[in-house]
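# Structural overview
This is what each chain is made of:
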Amino acid sequence: MAQTSAATETTDRTTAPTTHYDAIIIGAGMSGMYQLFRLRQLGLRVLVLEAGTGVGGTWYWNRYPGARFDSESYSYAYSFSPELLAEWDWGEHFAGQPETLRYLNHVADRFDLRRDIQFRSRVASAHYQDAARRWDITLEDGTCFAARFMITAIGPLSAPTMPLIPRVDNFKGQSFHTARWPHEPVDLAGKRIAVIGTGATGIQTIQEVAKTAGHLTVFQRTPNWCAPLLNAKISAEEMVQIRAGYPQMFQRCQETFACFLHTPDPRGTFEVSDAEREAFWEKRYAEPGFGIWQGNFRDILTDRKANAALSDFVARKIRQRVKDQIVADKLIPKNHGFGTRRVPLETKYYEVYNQDNVTLVDLLATPIERITPSGIKTSDAEYAFDIIIYATGFDAVTGSFDRIDIRGAGGQWLKDKWKHGPATYLGVMVNGFPNMMMLIGPHTALGNIPRSIEYNVDWVTGLMRHARDHALTRLEATEAGVASWTDHVKSLGVGLLSNEVDSWMTGVNRNVEGKQVRIINRYSGSAPDYRAKCDAVAAKGYEEVAQA
Ligand SMILES: Cc1cc2nc3c(=O)[nH]c(=O)nc-3n(C[C@H](O)[C@H](O)[C@H](O)COP(=O)(O)OP(=O)(O)OC[C@H]3O[C@@H](n4cnc5c(N)ncnc54)[C@H](O)[C@@H]3O)c2cc1C
């Protein structure tokens, strides 16, 4: 569809929606499922529209080999239901995708969520009808629904991107994007396989595919700093202990900066002796999960020298683990420091490059020119493959919004409104887009995301209760509220080394037109501060939300 600047659009459409709801939620991932549960409790008439054929969002779509958590399974899970916590046993400290999808299906069954979810329903457009104070939401097949309130739960990492490589359709073998992996098993054993991309997903895929591939060729443009996951199974006795500790564990997640179990060490990197620092980093490197990132010295993400020292420590680890020092050097990032992008967690990833059946191709030295019928042509060689795997990630945070034609009051187009970066109130509302609420949208706290989801959903539920109790039919963030929140979010980013780096967290995706300039698209303050601000707004009767 040709999308024009919204200023010239008319406001009200003539197509009559077929069914009217109090609220429509778009997306049946963790956010949409929990929001449905909460809005039902308010007695609202709710419908969830979901593009996929099942619940789970991220864990429904990302079925690629090796897909798994980098949050601890139990720190990631929903915390809102004591019954659910009591009955679900996790099998691994960092569960794989099949286990997580089973869990989310169990949640859907347990709370009978499916009866209000319509699957195979991709929303193509959402247009606000100002006179009627409602959203008209139209699916790709033209079916139209109306709702007073629209809640987006469309995911920060749910709009997959293919690389901008000529002739991608040329390939005659099998090819897959990791986030659109088929539901049927794919036979990888003995095959000649290419993986393009070495972000978090690529790393998980590579370490798994390398186990059985005839030959695996990894095409790397930007190496990432990784750290050991150190996953393990959870025994029945251990699960009993974990369950007994749930109240303290969730409390701890509420108190930490990014809702992970790890808390930064209050000391500065250079406030300890060289030997102490080295021992501390050795200990963190040998611990499971994000400890080395989230539980490190307090200044590693703000002090250039501290960050360089830590990067040097991790680089030494890579050199120790990879036998061929030329390959090791290629695997060491040069354009960003450790932790300034989300850190992929790995299981023997570096050792993969010691295997005879694995080759690393450095795309900085020899870029891909095109996909050929039999494989991949780089600037200096031609490779033949049976399977090409695109681990090229997502148009993050705003990408899933950009893929829906969202028009607010007066027909203004959200994509136009955000062309220089998102502007939001609390990451939940947008001026000019009344009655639209976003879950895990731009400018919200992310971190260990389900913890932020539960907070976001509860806050939106509070606002919906307020609207119900006061018979409000129009809620809109004020321009002043948006300006001050957006300035606040931008000011929090000042001094963070991560904001000096191209990544999905700074809105840069070289495969997406118009996303080459860094923006601030996430809230980088602490989660407790975020919650305190949102709580204060609610306590003042939803300050800076115009209500009618
Ligand atoms: C491989 C991978 C691993 C991850 N691991 C972790 C982790 O360990 N810890 C962590 O905190 N986070 C992790 N994340 C982030 C993860 O996305 C969140 O934890 C969480 O699942 C987000 O839930 P959500 O419901 O907000 O979005 P999603 O799970 O992305 O769900 C969004 C849903 O909206 C639907 N949708 C989108 N657009 C439309 C449309 N136009 N019409 C209809 N439906 C639509 C999608 O089909 C999808 O089902 C990971 C992400 C990926 C991709």
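Below is a short write-up of the structure. (Residues numbered from 1 in each chain as written. Predicted model: local features only at pLDDT ≥ 70, side-chain atom pairs only at ≥ 80, totals over all residues. Heavy atoms only, no water.)

## Focus on the packing of aromatic side chains
Scanning the model with the defined rule gives 38 aromatic pairs in all. Ring geometry for Tyr-285 versus Phe-313: centroids 6.0 Å apart, planes at 85 degrees, classification edge-to-face. On the criterion of sequence distance, the pair formed by Tyr-285 in helix α9 (residues 274-285) and Phe-313 in helix α11 (residues 304-321) is long-range, its members being 28 residues apart. Each member of the pair Tyr-285 and Phe-313 is classed as buried. Ring centres 6.1 Å apart and planes at 80 degrees place the aromatic pair Tyr-455 and Tyr-530 in the edge-to-face group. A residue pair is termed long-range when its members are at least 10 positions apart, and Tyr-455 in helix α16 (residues 449-469) and Tyr-530 in helix α18 (residues 527-539) qualify at 75 residues. (Phe/Tyr/Trp six-rings, centres within 6.5 Å; stacked < 30°, edge-to-face > 60°. Helix = DSSP H or I, 4+ residues; strand = E, 2+ residues; numbered from the N terminus. Buried < 20%, exposed > 50% of the residue type's maximum accessible area, 1.4 Å probe, protein only.)

## Description of the sheet that holds strand β12 (residues 358-362)
Across the sheet, which stays open at both edges, the five strands sit in the order β7-β16-β8-β9-β12 with parallel pairing between neighbours. Each having just a single partner strand, β7 (174-177) and β12 make up the two edges of the open sheet. For this sheet the average axis-to-axis angle between neighbouring strands, irrespective of direction, equals 15 degrees. In terms of strand pairing, strand β9 (residues 215-220) meets β12 through five bridges, oriented parallel. Looking at β12, one finds that Thr-217 is bridged to Thr-359. (Pairing = 2+ DSSP bridges. Axes fitted to C-alpha atoms, helices over the stretch in contact; angles between N-to-C directions.)

## Thoughts on α9
Residue pairs three or four apart in sequence face the same way in an α-helix, which turns once every 3.6 residues. In this model α9 runs 16 Å from its N-terminal to its C-terminal C-alpha over twelve residues, within 8% of the 16 Å that 1.5 Å per residue would give. Turning to α9, its buried residues number three or more, namely Arg-277, Phe-280, Trp-281, Arg-284 and Tyr-285. Relative to the axis of α9, the buried residues are bounded by an arc of 130 degrees and lie together on one face. Those residues of α9 that are buried are in contact with β10 (227-228), α10 (291-294), α11 and β11 (345-346). (Expected span 1.5 Å × (residues − 1). Arc of directions from axis to C-beta. Contact = heavy atoms within 4.5 Å.)

## As for the site of the ligand
The ligand sits among 34 residues. The nearest are Ser-31, Glu-50, Asp-70, Ser-71 and Tyr-76. Between the ligand and Met-30 there is a distance of 3.0 Å, counted from an oxygen atom to a backbone nitrogen or oxygen. Take Tyr-76: an N or O atom from its side chain is 2.6 Å from an oxygen atom of the ligand. Against a free-state accessible area of 980 Å², the protein chains account for coverage of 96% of the ligand. (Near = heavy atom within 4 Å. Polar contact = N/O pair within 3.5 Å; in protein donor to acceptor, adjacent residues only side chain to side chain. Areas by Shrake-Rupley, 256 points an atom, 1.4 Å probe, with all protein chains shown as cover.)

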